[in-house]
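# Architecture and fold: a report
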Amino acid sequence: ALSLCLTNPTQPNPTQPNPTQNFQQERIQTDQMVSKRNRDAVDEDETPPQSPVGVASVNERRRVTAKKNMAASPGLGIAPQDGSGGAFGDGRLRKKERQRAYCTEMYTLNSDFATWAAWAKNDRVPSGPVHDYEAAASQYIKTAAAIKRKYSSDSWDVLTFGTNEFGQLGQVEDILEKSRPCLVKSLHGYGVTGVACGGLHSISVTDGGTVDTWGANDDGGLGVYGISTSYAPIPVKGFIPSAYELAQNVPNANYTWRDLAGGSQRQRHFTWDVKDPNIKLESKYQEKMKSVSAGDGHCLALSNTGRVYFFGSYKDKEGKAWRDIQPKDDPREYPDDIPVVKLAPKEEENPEPGRRTKMAPRERQDWPIHVWQMPGKVTQISSGFCFNAAIVETGTGDSDSASASKPICVTW
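These figures come from a predicted structure and were not determined experimentally. (Residues numbered from 1 in each chain as written. Predicted model: local features only at pLDDT ≥ 70, side-chain atom pairs only at ≥ 80, totals over all residues. Heavy atoms only, no water.)

### Things to note about the overall build of the protein chain
Helix and strand counts for the protein chain come out as six helices and 15 strands. For the protein chain, the residues scored as buried account for 36% of the 412 residues in total. Relative to all contacts within the protein chain whose residues are 6 or more apart in sequence, the contacts with residues 24 or more apart total 55%. Carbon together with sulfur atoms contributes 54% to the accessible area of the protein chain, which is approximately 25,200 Å² in total. (Helix = DSSP H or I, 4+ residues; strand = E, 2+ residues; numbered from the N terminus. Buried < 20%, exposed > 50% of the residue type's maximum accessible area, 1.4 Å probe, protein only. Contact = heavy atoms within 4.5 Å. Areas by Shrake-Rupley, 256 points an atom, 1.4 Å probe, with all protein chains shown as cover.)

Shown next as structure tokens:
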């Protein structure tokens, strides 16, 4: 703590003690405080020089004390220093020690996986179920990613500050405001690589390709149906592309909505209602995200294959909500008891119950949908208040052909 007082040096007061005695007494008190709390923090080569008058010494001691107190105080002072490790408690390991520990754990993981694969090859093939191998491969990828984050020096945490009346800081409901950056504890150690702030909501993406949102969901900006406000990050599901996309230079998707929800494939992949907005999808069916952006009431997510996904709503100057057009092979719908408001009723006189007309993208979008009209592979995305922009690569990407890749900017 620091306290200040003001005096007038042009009018000395005979009742006040000698200023020299004040400096000497303050120096003694400061020396005692430094020797008690900061002895181990001050190197011998960096000891402040002693001043005959005592003023310079006191100022130097104050500087060292303030620096020590700042490093020991909560908040940004406890952030990992240069060369520290990840968020799993290995911050004191040196670079070579982290590399050695990482290689040791990866060697153990690879040995265990090789042993399991040899056992499965001898005893389970060809009669063993295929999903055993898929589950093992998925578990291997998750474990390897966790080991990498554990010993990586590039591990990131999310800090938020501002108002929290709708949970947009990711803090508990009792906290209404934060004037200093504070840690979002539920995302600690999850390998967050990108964040974005909307009007009253926030979004993050991890190195594993997962997306989390928190805050107000009045405009559908959380991407989860049935939630009004969330004070903690919640996962967003449903990043599956459409089979009717216009882009020709994106990699083929492992699964599309037409594959999962059509014909015999529906019974193979799903045992529940495919029209449920919060349909439970395994991670192997969904694409991995690599970056996110947010506007006033909507969010965008960019997959590692160059596809864009949207959820939330845009608003015009009159406050009306709009959305992107949902692909026609996406089976998810609102329940029948949700009222449907259409922009142009004449375009579709008798829509299905609970189904909003595809000809009039009105209202909000409560789950992620594929922006299937993009003309090519998207490399970057950005969002404004109620609009978006993307850098798109068109053509085949072959530099020798006439249709070489040409980056363009697309807005909507």
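Structure shown, so let's carry the discussion forward.
### Side note on the nonpolar core
Judged by nonpolar contacts, the single largest core of 17 residues is most densely connected at Val 308, Phe 310, Met 374, Val 378, Ile 381, Ala 390 and Val 392. Those elements that provide at least two residues to this core are strand E8 (298–303), strand E9 (308–312), strand E12 (365–370), strand E13 (377–383) and strand E14 (388–394). Non-local contacts of Val 308, meaning those with residues more than four positions away in its chain, are made with Leu 300, Ala 301, Leu 302, Ile 369, His 370, Val 371, Val 378 and Ile 381. In this structure, Val 236, Ala 294, Ala 301 and Phe 311 belong to the second largest nonpolar core, which totals 16 residues. (Core = buried A, V, L, I, M, F, W, Y, C linked by side-chain atoms within 4.5 Å.)

### Description of empty space enclosed by the protein
Tallied over the entire structure, the rule returns two cavities of 30 Å³ or more. By volume, the second largest cavity is sized at about 50 Å³. Considering the residues around the second largest cavity, the lining is formed by 13 residues, among which Glu 245, Arg 307, His 370, Val 371 and Met 374 are closest to the centre. Here the lining of the second largest cavity is built from residues that sort into eight nonpolar, three polar and two charged. (1 Å grid on protein atoms, 1.4 Å probe; cavity = no way out; pocket = protein on both sides within 12 Å on 5 of 7 lines; lining within 4 Å. Points joined across faces, edges and corners; volume = space filled by probe spheres on them. Nonpolar A, V, L, I, M, F, W, Y, C, P; charged D, E, K, R; others polar.)

### A closer look at the confidence of the model for the protein chain
With 63% of its residues at a pLDDT of at least 70, the protein chain reaches an overall mean of 74. Segment residues 69–91: pLDDT under 50, and 30 contacts once partners within four positions in sequence are set aside and those in other chains are kept. (pLDDT = per-residue confidence, 0-100.)

### What about the sheet that holds strand E3 (residues 192–197)?
Taking strand neighbours across the sheet as the criterion, the four strands line up as E3-E4-E5-E6 in an open arrangement whose pairing is antiparallel. Two strands close off the open sheet at either side, each with one partner strand: E3 and strand E6 (229–235). Adjacent strand axes in the sheet meet at a mean angle of 10° when their direction is disregarded. As paired strands, E3 and strand E4 (residues 201–206) are joined by five bridges and run antiparallel to one another. When the sheet's bridge partners are listed, Val 192 is paired in E4 with Thr 206. (Pairing = 2+ DSSP bridges. Axes fitted to C-alpha atoms, helices over the stretch in contact; angles between N-to-C directions.)

### Points about the packing of aromatic side chains
Two aromatic rings, taken as a pair, are described by how far apart their centres are and by the angle between their planes. Within the structure shown, the criterion is met by seven aromatic pairs. On the numbers, 5.1 Å between centres and 45° between planes, the contact of Phe 113 with Tyr 140 is tilted. Here the residue Phe 113 occupies a position in helix H3 (residues 95–123), and Tyr 140 occupies one in helix H4 (residues 130–151), the gap between them amounting to 27 residues. A residue is classified by how much of its surface remains accessible, and Phe 113, at 32% relative accessible area, is partly exposed. The exposure class assigned to Tyr 140 is partly exposed, which follows from its relative accessible area of 24%. Taking the centre distance of 5.5 Å and the plane angle of 80° together, the rings of Tyr 225 and Tyr 334 count as edge-to-face. Of this pair, Tyr 225 sits in the loop between strand E5 (211–216) and E6 while Tyr 334 sits in the loop between strand E11 (321–322) and E12, and the two are 109 residues apart along the sequence. On the basis of relative accessibility, which here comes to 9%, the residue Tyr 334 falls in the buried class. Joined through ring pairs, the aromatic side chains of Phe 113, Trp 116 and Tyr 140 make up one cluster. Looking at Arg 258, its charged tip hangs above the ring of Tyr 244, at a distance of 5.4 Å from the centre. In this structure, Lys 328 packs its charged tip against the face of Tyr 244, placed 4.4 Å from the ring centre. (Phe/Tyr/Trp six-rings, centres within 6.5 Å; stacked < 30°, edge-to-face > 60°. Lys NZ or Arg CZ within 6 Å of the ring centre and 35° of its normal.)

### Here we look at the pairing of E9
The element E9 is extensively covered by neighbouring structure, given that five of its five residues are classed as buried. Relative to E9, E8 is paired through five bridges, and the arrangement is antiparallel. Bridged to Ala 301 within E9 is Tyr 309. Here E8 folds back onto E9, and the loop between the two strands holds four residues, one of which, Gly 306, carries a positive phi near 90°. Here E9 runs beside E12; their pairing, made up of three bridges, is antiparallel. Bridge assignment links Phe 310 to a residue of E12, and that residue is Ile 369.

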